[in-house]
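Examination of the molecular architecture
In case you want the letters, here they are:
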Amino acid sequence: MGWKVKANDRAYHQLPEFQKKVFLCVKKSRYSGNAIRTYKYNALTFLPLNLFEQLKRAANCYFLALLILQVIPDISTLPWYTTLIPLVVVLGITAIKDLVDDLARHRMDKEINNRKCDVLSGGSFQESKWRHIQVGDVIRLRKNDFVPADVLLLSSSNPNSLCYVETAELDGETNLKFKMGLRVTDERLQEERQLAEFDALIECEEPNNRLDKFTGTMLWKGERYPLELDNMLLRGCKVRNTEVCHGLVIFAGTTGDKPTWLNRTKIDELMNYMVYTIFLLLILISAGLAIGHSYWYDDIGSKAWYLYDGKNQDASLRGFLSFWGYIIILNTMVPISLYVSVEVIRLGQSKFINWDLQMYFAEKDTPAKARTTTLNEQLGQIQYIFSDKTGTLTQNVMQFKKCTIAGRSYGTADVNGEDRCHAEPEPVDWSWNRLADKKFPFMDHLLVANVRSKKDKEANEFFKLLSLCHTVMVEHKDGDLVYQAASPDEGALVTAARNFGYVFLSRTQDTISIREMEQENTYEMLALLDFNSDRKRMSIILRFPDGRIRLYCKGADTVIYERLSPNSRYKESTQTALDVFANETLRTLCLCYKDISTDEYEAWSRRHKEAQVALVDRDGALDRVYEQIENNLLLIGATAIEDKLQDGVPETIAKLAKADIKIWVLTGDKKETAENIGYSCSLLTDDMHIHYGEDVNDKLRIRQATRRNVPQTFRHGKKKPEEPFFPEPGKNALIITGGWLVRKSSLFKGGAYGAVLPQIDFVDMACECEAVICCRVTPKQKANVVSLVKKYKKAVTLSIGDGANDVNMIKTADIGVGISGQEGMQAVMSSDYAFAQFRYLQRLLLVHGRWSYIRMCKFLRFFFFKNFAFTLVHFWYSFFNGYSSQVAFEDMFITLYNLCYSSLPILLVGLLDQDVNDRLSLKFPKLYLPGQQGLLFNYKNFFISLFHGIFVSLIIFFIPYGAFLQTMGQDGEAPSDYQSFAVVTASSLIFVVNLQISLDTSYWTFVSCFAVLGSIAIYFGIMFDIHSAGIHVLLPSVFTFTGAASNALRQPYLWLTIILTVGVSLLPVICIQFLHKTIYPSVGDKRNRKKYEMELEQDEKKKPSAFQRGGRSRRSAYAFSHSRGYADLIASGRSIRRRPTGRAGNQDTIREAPRREAENI
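Please read all numbers here as calculations on a predicted model, not as lab measurements. (Residues numbered from 1 in each chain as written. Predicted model: local features only at pLDDT ≥ 70, side-chain atom pairs only at ≥ 80, totals over all residues. Heavy atoms only, no water.)

A few points about the packing of helix H15 (residues 598-612) against helix H16 (residues 618-629)
Put simply, the rule reads: Inter-axis angles, ranging from 0 to 180 degrees, are taken between N-to-C directions of lines fitted to C-alpha atoms, where helices are fitted over the stretch in contact. Only DSSP runs of H or I with at least four residues qualify as helices, and only runs of E with at least two residues qualify as strands; both kinds are numbered from the N terminus onward. With respect to orientation, any angle under 35 degrees is reported as roughly parallel, any angle over 145 as roughly antiparallel, any angle of 65 to 115 as roughly perpendicular, and every other angle as oblique. The criterion used for residue contact is that any of the two residues' heavy atoms lie within 4.5 Å. When residues are grouped by polarity, Ala, Val, Leu, Ile, Met, Phe, Trp, Tyr, Cys and Pro land in nonpolar, Asp, Glu, Lys and Arg in charged, and all others, Gly among them, in polar.
Contact geometry for H15 and H16: axes closest at 8 Å, N-to-C directions at 170°. Compared by their axis directions, H15 and H16 come out roughly antiparallel. Residues Glu 600, Trp 604, Arg 607, His 608, Ala 611 and Gln 612 of H15 touch H16, and the partners they reach there are Arg 618, Ala 621, Leu 622, Val 625, Tyr 626, Gln 628 and Ile 629. Counted by class, the contact of H15 with H16 contains seven nonpolar, three polar and three charged residues.

Brief notes about the packing of aromatic side chains
Stated precisely, the cut-off is as follows: Classification of ring pairs uses Phe, Tyr and Trp, with its six-membered ring standing for Trp, and accepts pairs whose centres are within 6.5 Å; under 30 degrees between planes counts as stacked, over 60 as edge-to-face, and the remaining range as tilted. Any residue under 20% of the maximum accessible area for its type is buried, any over 50% is exposed, and the rest in between are partly exposed; the area is computed with a 1.4 Å probe on protein chains only. Look at NZ for Lys and CZ for Arg. If either is within 6 Å of the ring centre and within 35 degrees of the ring normal, a charge sits over the ring.
This model, assessed by the stated rule, comprises 60 aromatic pairs. Ring geometry for Phe 400 against Phe 442: centres 6.0 Å apart, planes inclined by 35°, an arrangement best described as tilted. Of this pair, Phe 400 sits in strand E18 (residues 399-405) while Phe 442 is found in the loop between strand E19 (408-410) and helix H10 (445-453), placing the two residues 42 residues apart along the sequence. Note on accessibility: Phe 400 and Phe 442 belong to one class, buried. Through a chain of ring-to-ring contacts, three or more aromatic side chains come together here, namely Phe 875, Trp 876, Tyr 877, Phe 879, Phe 880, Tyr 883, Phe 957, Phe 958, Tyr 961, Phe 964, Tyr 978 and Phe 981. Lying over the aromatic face of Tyr 12, Lys 6 brings its terminal NZ or CZ to 5.5 Å of the ring centre.

Brief notes about the state of the cysteines
What counts, and what does not: By disulfide we mean two sulfur atoms from cysteines, separated by a distance within 2.5 Å.
Inspection of the entire model under this criterion finds zero disulfides. Left unpaired, Cys 590 is separated from the closest cysteine sulfur, that of Cys 592, by 7.7 Å. For Cys 590, a relative accessible area of 1% gives the class buried.

Some remarks on a nonpolar patch on the surface
Applied cut-off: Patch definition: residues with relative accessible area over 30% and no salt bridge; like charges joined within 9 Å; nonpolar side chains (Val, Leu, Ile, Met, Phe, Trp, Tyr) joined within 5 Å. In short, Shrake-Rupley with a 1.4 Å probe defines the accessible areas, and a residue's cover is counted only from the protein chains shown. Any carboxyl oxygen of Asp or Glu within 4 Å of a side-chain nitrogen of Lys or Arg constitutes a salt bridge here.
Together, Tyr 273, Tyr 276, Tyr 939, Phe 943 and Phe 947 make up an exposed nonpolar region whose accessible area comes to about 560 Å². Elements with a contribution of two residues or more to the nonpolar patch: helix H7 (266-301) and helix H30 (939-965). Ranked by residues supplied to the nonpolar patch, first place goes to H30 with three residues. Following the sequence through the fold, Tyr 273 ends up in helix H7. Under the relative-accessibility criterion, Tyr 273 is labelled exposed at 52%.

Regarding the nonpolar core
Applicable threshold: To qualify as a nonpolar core, a set must consist of buried Ala, Val, Leu, Ile, Met, Phe, Trp, Tyr and Cys residues joined through side-chain atoms within 4.5 Å. Each domain's extent is set by a domain assignment, obtained either automatically or from a database.
Core analysis: the largest hydrophobic core is formed by 103 residues, its most contacted members being Leu 338, Phe 859, Leu 860, Phe 893 and Leu 989. Broken down by element, this core gets its largest block of residues, 18 residues, from helix H25 (residues 840-878). Counting the residues that make up this core, at least three belong to each of domain 2 (260-305 + 312-334) and domain 5 (847-1081). Apart from residues lying up to four places away in sequence, Phe 859 is in contact with Leu 338, Ser 341, Val 342, Ile 345, Ile 906 and Gly 910.

Details of the UniProt feature "binding site: Mg(2+)" (unreviewed entry) in the protein chain
Convention followed: UniProt positions are given in the numbering used here, feature names are shortened, and annotations may be inferred rather than shown by experiment. Whenever two N or O atoms come within 3.5 Å, that pair is a polar contact, provided that in protein one can donate a hydrogen and the other can accept it, and provided that, for residues adjacent in sequence, both atoms are side-chain atoms.
Those residues carrying the UniProt feature "binding site: Mg(2+)" (unreviewed entry) are Asp 388, Thr 390, Asp 802 and Asp 806 in this numbering. Spanning 419 residues, the named residues nonetheless gather at one spot, since no C-alpha pair among them exceeds 10.6 Å. On the secondary structure map, Asp 802 appears in the loop between strand E33 (797-801) and helix H23 (807-812). We classify Asp 802 as buried; its relative accessible area is 0%. Following the sequence through the fold, Asp 806 ends up in the loop between E33 and H23. Not counting the four nearest positions on each side in its chain, Asp 806 is found in contact with Asp 388, Lys 782 and Gly 801. Among the polar contacts made by the side chain of Asp 806, one reaches the main-chain amide nitrogen of Asp 802 at a distance of 3.0 Å.

Some points on H30
Heads up, the condition is: By this rule the span expected of a helix is its residue count minus one, scaled by 1.5 Å.
With 27 residues, H30 should reach 39 Å at 1.5 Å per residue; the first-to-last C-alpha distance of 38 Å fits that figure. Looking at where H30 begins, the residue whose side-chain oxygen comes 3.1 Å from the main-chain nitrogen of Lys 940 is Asn 938.

Describing the environment of Lys 110
Along the chain, the position of Lys 110 falls in helix H3 (residues 81-113). Under the relative-accessibility criterion, Lys 110 is labelled exposed at 59%. Measuring from C-alpha to C-alpha, the distance between Lys 110 and Arg 131 comes to 9.6 Å, with 21 residues separating the pair along the chain.

Overview of helix H32 (residues 1006-1026)
Spanning 21 residues, H32 covers 30 Å between terminal C-alpha atoms, matching the ideal 30 Å at 1.5 Å per step. Contacts from the buried residues of H32 go to helix H26 (891-901), helix H27 (904-912), helix H31 (978-1000), helix H33 (1029-1034), helix H34 (1044-1048) and helix H35 (1052-1079).

A short note on the sheet that holds strand E4 (residues 116-121)
In a beta sheet, neighbouring strands pair by backbone hydrogen bonds and run either parallel or antiparallel. To be explicit about the condition: Any two strands with at least two DSSP-identified bridges between them are counted as paired.
In spatial order, the strands read E5-E4-E6-E15-E7-E13; together these six strands make up an open sheet with antiparallel pairing. The sheet is open, and its two edges are formed by strand E5 (124-129) and strand E13 (232-233), each paired on a single side. Two elements, strand E7 (residues 150-156) and E13, share two bridges in a ladder whose sense is antiparallel. What sits directly across from Leu 152, in E13, is Met 232.

Concerning the pattern of salt bridges
Two side chains bearing opposite charge may form a pair once their charged atoms approach each other closely. All told, the structure shown has 38 salt bridges when counted by the stated rule. Arg 548 serves as the salt-bridge partner of Asp 546, at 2.8 Å between the closest nitrogen and oxygen. The salt bridge involving Arg 850 is made with Asp 915; its shortest N-O contact spans 2.4 Å. Taken together, the positions of Arg 850 in helix H25 and Asp 915 in the loop between H27 and helix H28 (918-923) put the pair 65 residues apart, joining distant regions of the chain. Of the residues examined, Arg 850 reaches a relative accessible area of 4% and is grouped as buried. By relative accessible area, which is 27% here, Asp 915 ends up partly exposed.

Printed below as a string of structure tokens:
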């Protein structure tokens, strides 16, 4: 059943046919209320729901199970508070964060639900709260009001129900959008009485999350009218420049978004696997010690009368209970505070990115923005970058530079490259045109003279086409014309026509007015065939003042040339000009026209109207109808627009390439344009071998033939053959088109084996190249290319783009970066990181990404080490206490070790440490390599941390054990008791752990120094407090170490024992670090920097030229990457701007262009 809405009839929506079952026999209406609820909890559900969500984490659930075990007397070996306090702290911090977030959501929901709006009720408009609005209500909105629901625009105070809205809350774009009501509702629904009698039935699609499409029909008084997105005001839009508008509520409330799948970093995955490994080690160690206790009890414990505990338990039962006891004792091997600490570090690193002034773009007041906190360290492991071209590598600020008209090229140079102007050409003076944009630069005076003389009919028709065939909207501000275009390209073309004397003045739904060399003419617009990424062209069908019907079309040369008439002239000369324009990296667009007879138009118009009201595949039906009229076209010429590179793009690409990051450019532009941009931005160099689709086909066929002849060399799941695709020496680059990918789609069909092999071959070959350029690719193809590399190379990928067509690619990659450019904010809204210029990418990766990776790896390695060193002391102690689950430390020390005594120094290392500063990180891109290779955190590092912890725990236990074996204090007593031993081992551990992190710290600050000394001071302060007699009196059963610390630490030889323990623990580490930096220096060590500096100087000496020119014939094309234009809007309503009555009522006042001039074209 589709979605049905009856105007002004709330009872209709409660009919049984619109009821849905929610639970057992309970039913409710399909039409939800308008109140929104984004919060998760209320006062009753916060504690249970939040605890439930947190206990979904394996670590939290594990510690809760431990807490339950600790309350069982036969098992418990540690007081319950040793687990409860850390667990409560961790759960409490997370719960407070969730509560603060949810309270903010509560406030936002309340503010939105209580907004006021006028609702038609009882024949008049009554003020009502948003939450009380229902589907089918007619509402009234005023200027600057937010739209409370998804509303069908019925009428407005503007001419012909035009309504301006701002969609910043939906897609981040602040430029005004245009919406328009249907002609029938505009004419009949202006008064309250008319609106109250409105009883139309709307049939449309179900509520969904798509912001770019809406399909429906309105049935009213026996007539059916098509509804589209341009008739809809979406919830969250803001009404602008419109005093009053009326609408019918179609969808109320909000459509729940599907949960977003959060990208997880490689370090996250490794960390989880390592925690599972620790679980396994914990179980094995506990089982071994439990077995040891069973044997010990059989041999010794059961026979020693002084060990009798009054429990008649056999050895097996005691071993079983001992197993659970050791699970409790050794639980600190699994770090409970690990996840909280990681989130704190990531949050801090995200703030550093936001605060980086060197990534702040002052021109647009745009700082860098980390829109996620979970991927920072992944920025230090990027292997492949997938970049859009237009607006990402280039500025996306278009300038009309050159053109070819009727086979003759105009601009600063002609086809043969002969300079028409002087060495320093003077720009054209536009003072003769009072409506010209005085900032428009153009150098060729000859073209201006030709147009002004009106002798060159082709040139006049060329600019007439540019002024008529577009979807630009115009506003009159302070006596000046302000154009709002769907893309910068289109705005540049209309501005060019304006300066050459063909000024676009205004448009209505069925007319368009221009000034042609001081003569104003109005053309009737019969149809507007808008651009989309598949059509790659747009057309307009006009009725001239003399009654002739003509179609104007502009589009990419690939689609235009396919549709040209065999009698069309200027094909070869225009192709030659396109080659020249491509060598200069200009973006081109072909212009053509076609005269249509009245009978042909009327037959086509009927088919067009049928396609407009189709409910199924309306877009496809319209495209098929468009194809029927866009044929046998006559070529006029082509335009050439310049899109300059952004500042710093070549340098950024060169540095990223030195960091062994491979860059793929995925663009909607034509091959030749993309290739030349590749040269100009240093992605392609003169010493590269360029391979095109034909070369690729040959190499893929050879690989497949080899596999068929020697099938045993390759099987699915086994290694691919060793021989590379490009065995010859030198760098390689690959340039392919979207059409090639479409033709090769057959390779990806078939069974699992047949489908996988061509994909692997293609990815392997592309990844052997230094650079890859994919041109003429659709947004879906961009995403597919990214997913192939992710799937078969297991590589960390980053996509960067600035437009709506880059969203799929950005979401598919491991990390998405959006550039806030000229194409709106859709890319930024879908990204993980955002900034204003491509050049900031090198700082994001080589500085922030690298630092984040190094910090996180160092944090994790040390975190695991300090927990192993602490926990395994219990393991060694077990061999001397009959494996009886006795702890080696005092209970409060176990509780506070991870919370107070060892957490702050390592947390600061994770936030502030840096092996080299930002300047050196950018100067030596090879410092980035360890992150790509995952050298700083892997299972090898994990086991090094494990064995380091085992070694330190051995030293910390056995040196004090030996010292306590046969000793005598100054007072003649032997302080070789358990409590003094626990104090000495705990003190040694605190010194070792804090001094070890000091050795691992590369970047010292006052805060770091304070953290290390402060942690040691906190330990001694708390220890003396909990060992004091005063606190023992308060809780004698909890604080049993009365006077132990003061008694033990006044013995000089115990201080010597601590010093010896710390020295023996740290000395091997110091020696290993010294030898490692001397013999095997890392990429960040000073010894390697000189080598990199020399390599850098050599690279600078042999730096290649910017790019080749004229090396081969290249053609360029208009970049069809912008979003859909305003054609649907223009065609869906009636007039956008109401014409003056005199001109509208008397067609004779319109000055018509002479038929004879038009016929000369």
